[in-house]
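Survey of secondary and tertiary structure
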Amino acid sequence: MSIWIDQPIWPRHGTVFAHLVSDASLAELHEFAARVGLHPRSFEGDHYDVPHERYAAVLAAGATSTSGGNVVRLLVASGLRLRKRKGDWPVARVPSMVFPDGTTASVDLIASDRLIDRPGVFAAMVFVQDVDGRFALVHSPRRDSWGSPGGWLEAGEPAAVGAVREVAEETGLVLAGRDLTPCAYERFEITGAVLGRWLPGRSYLQVFRAQLAAAGPVLTASEDDVDGWQWVDWVQLEALCGDEFWWPLAERLFG
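The notes below deal with the structure included here. (Residues numbered from 1 in each chain as written. Predicted model: local features only at pLDDT ≥ 70, side-chain atom pairs only at ≥ 80, totals over all residues. Heavy atoms only, no water.)

1. Notes on the packing of aromatic side chains
Under the counting rule described, the total for this entry stands at 13 aromatic pairs. Arranged with centres 4.6 Å apart and planes meeting at 45°, the rings of Phe 122 and Trp 152 form a pair that is tilted. One end of the pair, Phe 122, is in strand β8 (residues 121–129); the other, Trp 152, is in strand β11 (residues 150–152), with 30 residues separating them in the sequence. For Phe 122, a relative accessible area of 2% puts it in the buried group. Centre to centre, the rings of Phe 122 and Phe 188 are 5.5 Å apart; their planes meet at 70°, and the pair counts as edge-to-face. Within this pair, whereas Phe 122 is found in strand β8, its partner Phe 188 is found in strand β12 (residues 181–190), the two being separated by 66 residues in sequence. Looking at Phe 188, the relative accessible area reads 7%, which means it is buried. (Phe/Tyr/Trp six-rings, centres within 6.5 Å; stacked < 30°, edge-to-face > 60°. Helix = DSSP H or I, 4+ residues; strand = E, 2+ residues; numbered from the N terminus. Buried < 20%, exposed > 50% of the residue type's maximum accessible area, 1.4 Å probe, protein only.)

Listed below in structure tokens is the structure:
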């Protein structure tokens with residue numbers, strides 16, 4: 001067991017919190033947090049927030065007390081540290097993802113209502129919902145998986161423009177830039193020798209959400225990078241996509 005906790009001195013929501021971390025793995029951290037009864041929503045991407053009234057119980061369960069500065073050092077040394085902008089909401093770090101082109105990467109999933117304001121955005125995706133709350137899903141034969149419409153940006157293409165184009169190509173839905181709301185981003189860190197389509201300095205996928213004012217129409221595609229389309233409710237979405245690396249974002253945003 002390699003579980004550490006700093007002092008409950010960090011103010012939030014009218015109380016103070018401590019930070020609970022593992023210097024070994026997120027799996028170990030999640031197992032410990034579940035055992036001491038911490039709510040999953042108290043997970044902040046690389047640590048759990050522990051309210052001061054739970055601090056003694058967490059120590060009694062086996063966590064080791066340390067300083068806030070050492071918590072950060074432990075996370076950095078273990079490779080579990082999740083960087084974010086101020087005001088963003090870290091959701092999860094997914095280590096060692098292997099993609100169909102052979103690329104291996106760690107992926108940070110971060111909820112945010114602000115666009116990535118840097119040139120490193122290489123792709124965009126959109127959670128599209130109709131008036132009944134159903135989600136538009138497309139099936140990728142290359143990945144053999146279901147997901148929200150989206151894809152790689154063309155040269156010089158802004159993320160919102162690329163997102164609108166990809167949605168139209170993959171579903172037939174016609175959106176405008178004003179219909180898109182930034183809600184998250186994914187940050188990829190290449191960890192293997194194969195780069196695939198990733199280029200140095202291009203490591204962000206911008207995530208949007210869009211709400212239709214009517215029931216979802218019949219979906220269709222004008223490109224061959226998808227071969228299936230459907231509207232699904234939340235239960236169906238989880239059944240089809242609950243094992244995907246990006247699923248924690250969907251849970252945080254819509255669950």
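2. A short note on the environment of Gly 151
The topology assignment puts Gly 151 in strand β11. Looking at Gly 151, the relative accessible area reads 17%, which means it is buried. Through-space distance from the C-alpha of Gly 151 to that of Gly 162 is 7.9 Å; in sequence the pair is 11 residues apart. Excluding residues within four positions of it along the chain, Gly 151 makes contact with Ala 123, Ala 124 and Glu 166. (Contact = heavy atoms within 4.5 Å.)

3. Some points on helix α1 (residues 26–35)
Buried within α1 we find Leu 26, Glu 28, Leu 29, Phe 32 and Ala 33. Relative to the axis of α1, the buried residues are bounded by an arc of 155° and lie together on one face. For α1, the exposed residues lying more than 90 degrees away from the buried face are Ala 27 and Ala 34. Close packing links the buried residues of α1 with β1 (3–5), β3 (15–22), β4 (48–51), α2 (55–60) and β6 (89–98). One or two steps after α1, the chain reaches Gly 37, where phi turns positive at roughly 80°. (Arc of directions from axis to C-beta.)

4. Examining the environment of Val 91
Its place among the elements puts Val 91 in strand β6. Its relative accessible area of 5% is what places Val 91 among the buried residues.

5. Here's the deal with the side chain of Glu 169
Structurally, Glu 169 is set in helix α4 (residues 159–171). Relative accessible area serves as the criterion here: at 18%, Glu 169 is assigned to the buried category. When near neighbours in sequence (up to four residues on either side) are disregarded, Glu 169 contacts Ala 221, Ser 222 and Glu 223.

6. A word on the pairing of strand β9 (residues 135–140)
Burial of β9 is extensive: six of the six residues sit out of reach of the surface. Pairing of β9 with strand β14 (residues 228–232), which is carried by five bridges, proceeds in the antiparallel orientation. The partner of Val 138 across the bridge, within β14, is Trp 229. Sheet topology places β9 next to strand β10 (residues 145–147); three bridges connect them, and they run antiparallel. Bridged to Val 138 within β10 is Gly 147. The antiparallel hairpin formed by β9 and β10 contains four residues in its connecting segment, where Asp 144 sits at a positive phi of about 50°. (Pairing = 2+ DSSP bridges.)

7. Some points on unusual backbone geometry
With a phi angle near 55°, His 13 is a residue other than glycine that sits in the positive phi range. Structurally, the position occupied by His 13 is in the loop between β2 (10–12) and β3. Residue classification places His 13 among the exposed positions, given a relative accessible area of 68%. With phi around 50°, Asp 144 is a residue other than glycine that occupies positive phi space. Relative to the helices and strands, Asp 144 is located in the loop between β9 and β10. Taking relative accessible area as the criterion, Asp 144 reaches 60% and is therefore assigned exposed.

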